[in-house]
Amino acid sequence: MCHQGANRWYWWLVMVLLLPAVAAPLWAGELSLVLEGGERFELVGLVRRWDELGLPLQRVNPKARIDAPELAVRLEPVSSGRYVARDVPDGVYDLCLVDRRRAARLEGFHFPPIIDFDPIWRTPPRPPAEAVTFVCRWIQKSRFYENKVTPLCVAGNDRAVRVFVQLLRDAGTTYDAQCGAPVATLRYEFWQFTNRLGVWDKERRNRVIYRLILPRAELARWQWLWCPRLGGIEVKGKVELKLTLPSATDPDVVGLLSGLKPLAVRTP
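Residues numbered from 1 in each chain as written. Predicted model: local features only at pLDDT ≥ 70, side-chain atom pairs only at ≥ 80, totals over all residues. Heavy atoms only, no water.

Attention now moves to the overall build of the protein chain. Across its full length, the protein chain carries four helices and 17 strands. Of all 268 residues assigned to the protein chain, the portion counted as buried reaches 45%. A separation of at least 24 residues holds for 72% of the contacts in the protein chain among residues at least 6 apart in sequence. Looking at the protein chain as shown, the accessible area adds up to about 14,700 Å², and 56% of this sits on carbon and sulfur atoms. (Helix = DSSP H or I, 4+ residues; strand = E, 2+ residues; numbered from the N terminus. Buried < 20%, exposed > 50% of the residue type's maximum accessible area, 1.4 Å probe, protein only. Contact = heavy atoms within 4.5 Å. Areas by Shrake-Rupley, 256 points an atom, 1.4 Å probe, with all protein chains shown as cover.)

Attention now moves to the pattern of salt bridges. All told, the structure shown has 21 salt bridges when counted by the stated rule. The partner of Asp-170 in a salt bridge is Lys-148, with the nearest N and O atoms 2.8 Å apart. Taken as a pair, Asp-170 in the loop between strand 9 (160-169) and helix 3 (175-179) and Lys-148 in strand 8 (residues 148-156) lie far apart in primary sequence, 22 residues in all. We classify Asp-170 as buried; its relative accessible area is 14%. Since its relative accessible area comes to 26%, Lys-148 is described here as partly exposed. Connected via shared salt-bridge partners are Arg-49, Asp-94, Arg-105 and Glu-107. (Salt bridge = Lys/Arg side-chain N within 4 Å of Asp/Glu carboxyl O.)

All right, on to a nonpolar patch on the surface then. Judged by side-chain polarity, Tyr-145, Tyr-175 and Ile-213 come together as a nonpolar surface patch covering roughly 280 Å² of accessible area. Within the fold, Tyr-175 resides in helix 3. Residue class for Tyr-175 comes out partly exposed when judged on its relative accessible area of 35%. (Patch = residues over 30% accessible without salt bridge, like charges linked within 9 Å, V, L, I, M, F, W, Y side chains within 5 Å.)

Within the fold, Ser-142 resides in the loop between helix 2 (129-141) and strand 8. Take Ser-142: its relative accessible area is 24%, and that puts it in the partly exposed class. Within polar-contact distance, the side chain of Ser-142 engages the backbone oxygen of Trp-138 at 2.6 Å. (Polar contact = N/O pair within 3.5 Å; in protein donor to acceptor, adjacent residues only side chain to side chain.)

Across the protein chain, the average pLDDT comes to 88, with 88% of residues at or above 70. Across residues 13-26, where pLDDT falls below 50, the model places one contact with residues more than four positions away in sequence or in other chains. (pLDDT = per-residue confidence, 0-100.)

A few words now on the side chain of Arg-207. Within the secondary structure layout, Arg-207 lies in strand 12 (residues 207-215). No salt bridge is formed by the buried Arg-207; its nearest oppositely charged neighbour, Asp-116, is found at 4.4 Å. A polar contact of 3.2 Å, which involves the side chain of Arg-207, links it to the backbone oxygen of Pro-113. Apart from the residues within four sequence positions on either side, Arg-207 is in contact with Trp-50, Gly-54, Leu-55, Pro-56, Pro-112, Pro-113, Ile-114, Asp-116, Tyr-188, Glu-189 and Phe-190. (Lys, Arg positive; Asp, Glu negative; His and termini not counted.)

Moving on: the packing of aromatic side chains. A full pass over the atoms with the stated rule returns 20 aromatic pairs. Judged by centre distance (4.8 Å) and plane angle (25 degrees), the ring pair of Phe-164 and Phe-190 falls under stacked. Taken together, the positions of Phe-164 in strand 9 and Phe-190 in strand 10 (residues 183-196) put the pair 26 residues apart, joining distant regions of the chain. Of the residues examined, Phe-190 reaches a relative accessible area of 1% and is grouped as buried. Ring geometry for Tyr-210 versus Trp-224: centroids 5.3 Å apart, planes at 55 degrees, classification tilted. Of this pair, Tyr-210 sits in strand 12 while Trp-224 sits in strand 13 (residues 223-227), placing them 14 residues apart in sequence. Residues Tyr-210 and Trp-224 agree in their burial class; the two are buried. An aromatic cluster is defined as three or more aromatic residues linked by ring pairs; in this entry it consists of Trp-50, Phe-109, Phe-111, Trp-121, Phe-164, Tyr-188, Phe-190, Tyr-210, Trp-224 and Trp-226. Against the face of Phe-41 rests Arg-102, its NZ or CZ located 5.6 Å from the ring centre. (Phe/Tyr/Trp six-rings, centres within 6.5 Å; stacked < 30°, edge-to-face > 60°. Lys NZ or Arg CZ within 6 Å of the ring centre and 35° of its normal.)

Structure, rendered in structure tokens:
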């Protein structure tokens, strides 16, 4: 009996000693990031939108704020332009930077699959010119709730193209009376057009990543820019990364300028 009791206590002790190791994320990595020009941003972090299959990891938050992104990982500054994050779960992330003082937000993105079992495009392929022309004309001719619908970036091949779309309504709505001031709605989505017997057909399914509603005057202050070079960052183990942050005039940058002015469509 005493022998059995001693064995029981021995195994309890082993479990207690092993518990921290079991609870620790064995898949955690470390990201060391150097941003040239990044010292002007007060918030630097990573957003993880998609799992390994390209499915969304979380629902769209209807109460999302432009000045407070929901980060999966926050990077801490260690010196001018250098940031570090430890215990980062393995995965593919997009960089997100915010400066509330300048009302500026800069974010990366990469293309998720729209159709099940299609690949994720971390490095988006260059689409056929005729597909880009068709997509831009289709959006221009179509009617939407939003009065400013802008194809920000088009990527793909001769079989399918995916479009990163900005949908902005800054015209009057019934929300104006409810809120006591003019409001604006802003959405960011991924669409796909599939080539079926020579005709580019839009898929019904979209991937929505942001849906915001806020006072129009507040949104007009902000500059929310996107760049694919800041997206598709894979963290696995220890990663050291150096990035030069783009400006609003960079050919890869798209999004929304202050004054509610959308940037034109770009291709990878």
